Amino acid sequence: MGKTSKDKRDIYYRLAKEEGWRARSAFKLIHLDETYNILEGVTRAVDLCAAPGSWSQVLSKRLYLSREEKDRDEVKIVAVDLQAMGPLPGIIQLRGDITRFSTAEAIISHFDEGQKAQLVICDGAPDVTGLHDIDEYLQSQLLLAALGITTFVLVPGGTFVAKIFRGKCTHALYSQLRIFFDKVDIAKPQSSRNSSIEAFVVCRGYNPPEGYIPQEINLLQDSVAEIARKTESPVNRRILPFVVCGDLREFDSDMSYSLNIDPEKEYEHKEVVQKPLTPAYSEVLERMKTTSLKHGSIKVETGKKKED
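Residues numbered from 1 in each chain as written. Predicted model: local features only at pLDDT ≥ 70, side-chain atom pairs only at ≥ 80, totals over all residues. Heavy atoms only, no water.

The number of helices and strands found in the chain is ten helices and ten strands. By the burial criterion, 41% of the 308 residues in the chain qualify as buried. Summed over all atoms, the accessible surface of the chain reaches about 18700 Å², with 52% contributed by carbon and sulfur. (Helix = DSSP H or I, 4+ residues; strand = E, 2+ residues; numbered from the N terminus. Buried < 20%, exposed > 50% of the residue type's maximum accessible area, 1.4 Å probe, protein only. Areas by Shrake-Rupley, 256 points an atom, 1.4 Å probe, with all protein chains shown as cover.)

Here it is as C-alpha cells:
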C-alpha cells in the first residue's frame, strides 16, 4: 500500500472502520451536532449529495434507529444524489439533480401534506483540481445549488448545514447566507483535517426576506439577469444578483479584453469624456520630462527612447 494511503489512515479513519461508518466524514456531522445540537428534535431531514452515505448513516442512527419501533413512522429522511448508494434503515433514496425544481418536488412528496424538512445537510464537493481559486469557485456554485433547493424544501426556522472551501470570499458568503438565515456560523470540526481548506456553514433559523419566491439557481444554464427576471417579486430582483454573484458570462474585472466587442464593427478610439484632474501618476510624468531612466540597453530621456 502506498505512502499516501498510509498517511490518510488517521484516528478518525480507523474509528470509522471499527465502528462501521461508511466514511470518516461521518464524524464531521457528529462533531457539528455536539456543538450546535442540529439534530435535536428533528424528524424530517434531507441529505443532499449524499453518496456514499456517511452523513445519511448518522441521520439513520440518530433520528431513526434511536427511536422505539412504534415511533419510527414519523421520521422521514430523504437522501439525494446523482449516484446510487447502499440502502440504509429509514432512508428514502432519490436519484436526482439538486439544481432541478422536479427534485425539490420529489423530496417534498415524501413528507406529509403541508410539511417540509426541518434540516437540510450537504457534504458534497466537486472533484478538486488543486488550484485553490478554481476549487473555491466550484464549491461555491455547488453550495448555491444546495441553497436553491433548500429554499423550496426547508421549513421556516429550519437549519441548513453545508461544506464550503475557505478563502478570500468567505466573508461575502457569510453575508449572502445571512439574507436567508437568522444566524450563520462557520465551523471546522476537529475531525476535519488541518491541511484541508474545507469548513462548514451552520445556518439556523431559516427566515427568507418577505416577498422572496424560491427559484431554481443554476448558473451553468442561466445568467444572473435571467434568474432574477423569472419571478414578479421585486425582492428577488434586488437580492439575487448579490446572492449569485460570480456569473462567468459577464466581464471579469480582473481580466483584459479586446475592445472589438462587436465582431461586425471595427473599434474606434475615443478620448475620455472627463480626464482625471490630479492623477496619481502626474508627478511621475513631470519628472520623466527632465530625468533619464536606464534599464538594460534602453535609455529613456525626455520621453524618447534610443539605443545606448
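As for its position among the elements, His 31 is in helix 3 (residues 26-36). When its relative accessible area of 10% is taken as the criterion, His 31 is described as buried. Those residues within four positions of His 31 in sequence are excluded, and the remaining contacts are Tyr 12, Pro 189, Gln 190 and Ser 191. (Contact = heavy atoms within 4.5 Å.)

So, about unusual backbone geometry. In this structure, the amide linkage connecting Ala 51 to the following residue, Pro 52, adopts the cis form with an omega of 5°. By the secondary structure assignment, Pro 52 is in the loop between strand 1 (44-48) and helix 4 (54-65). Its identity as a non-glycine residue notwithstanding, Asn 37 has a phi of 55°, on the positive side. One can find Asn 37 in the loop between helix 3 and strand 1. Even without being glycine, Cys 49 reaches a positive phi, approximately 50°. Assignment of secondary structure puts Cys 49 in the loop between strand 1 and helix 4.

The next subject is empty space enclosed by the protein. Scanning all chains against the criterion turns up one cavity of 30 Å³ or more. If you add up the space inside the largest cavity, you get close to 50 Å³. As for the largest cavity, its lining consists of Ile 98, Thr 99, Arg 100, Phe 101, Ala 104, Ala 145, Gly 148, Ile 149, Phe 152, Gln 215, Glu 216 and Ile 217. Here the lining of the largest cavity takes four residues from helix 6 (residues 132-153), the largest share from any one element. Looking at the lining of the largest cavity residue by residue, the class counts come to seven nonpolar, three polar and two charged. (1 Å grid on protein atoms, 1.4 Å probe; cavity = no way out; pocket = protein on both sides within 12 Å on 5 of 7 lines; lining within 4 Å. Points joined across faces, edges and corners; volume = space filled by probe spheres on them. Nonpolar A, V, L, I, M, F, W, Y, C, P; charged D, E, K, R; others polar.)

To continue, consider the state of the cysteines. Across all of its chains, the model carries zero disulfides by this definition. Not engaged in a disulfide, the cysteine Cys 49 finds its nearest cysteine sulfur in Cys 122; these two sulfurs lie 3.9 Å apart. (Disulfide = S-S within 2.5 Å.)

Our next topic: helix 7 (residues 170-178). Side chains that are three or four residues apart share a direction in an α-helix, a result of its 3.6 residues per turn. Buried within helix 7 are the following residues: Thr 170, Leu 173, Gln 176 and Leu 177. Seen end-on, helix 7 carries its buried residues on one side only, within an arc spanning 115°. On its buried face, helix 7 is in contact with helix 6, strand 5 (154-165), strand 6 (181-187), strand 7 (198-206) and helix 9 (234-243). (Arc of directions from axis to C-beta.)

Bringing the side chain of Thr 150 into the picture now. You can see Thr 150 is positioned in helix 6. With sequence-adjacent residues up to four places away left out, Thr 150 is seen in contact with Leu 48, Val 120 and Phe 160.

Our next topic: the sheet that holds strand 2 (residues 76-81). In space, the seven strands of this open sheet follow the order 3-2-1-4-5-7-6, with mixed pairing throughout. With partners counted over all chains shown, the strands left at the sheet margins are strand 3 (91-95) and strand 6, one partner each. Averaged over all neighbouring strand pairs, the angle between strand axes comes to 15°, with direction disregarded. Across five bridges, strand 2 lies against strand 3 in parallel orientation. Bridge pairing in strand 3 places Val 80 opposite Leu 94. Strands in contact with helix 7 are strand 5, strand 6 and strand 7; relative to strand 6, the strand with the most contacts, it is inclined by about 150°. (Pairing = 2+ DSSP bridges. Axes fitted to C-alpha atoms, helices over the stretch in contact; angles between N-to-C directions.)

Quick look at the packing of helix 5 (residues 101-109) against helix 6 now. The interhelical angle for the contact between helix 5 and helix 6, taken along N-to-C directions, is 40°, at an axis separation of 9 Å. Taken together, the axis directions place helix 5 and helix 6 in an arrangement best described as oblique. Seen from above, helix 5 lies across helix 6 with right-handed handedness. Along its contact with helix 5, which presents Phe 101, Thr 103, Ala 104, Ile 107 and Ile 108, the element helix 6 presents Ile 149, Phe 152 and Val 153. For the contact of helix 5 with helix 6, the residue count by class is seven nonpolar, one polar and no charged. (Parallel < 35°, antiparallel > 145°, perpendicular 65-115°, else oblique. Left-handed = near helix turned anticlockwise from the far one by under 90°.)

Counting 44 residues, the largest nonpolar core has Leu 48, Ile 98, Ile 107, Phe 160 and Phe 181 as the members making the most contacts within it. A per-element tally of this core places helix 6 first, with nine residues. When residues no more than four places from it in sequence are discounted, the contact partners of Ile 98 are Leu 48, Cys 49, Val 80, Leu 142, Ala 145, Ala 146 and Ile 149. Trp 21, Val 42, Trp 55 and Ala 79 belong to the second-largest nonpolar core, a separate cluster that totals 31 residues. (Core = buried A, V, L, I, M, F, W, Y, C linked by side-chain atoms within 4.5 Å.)

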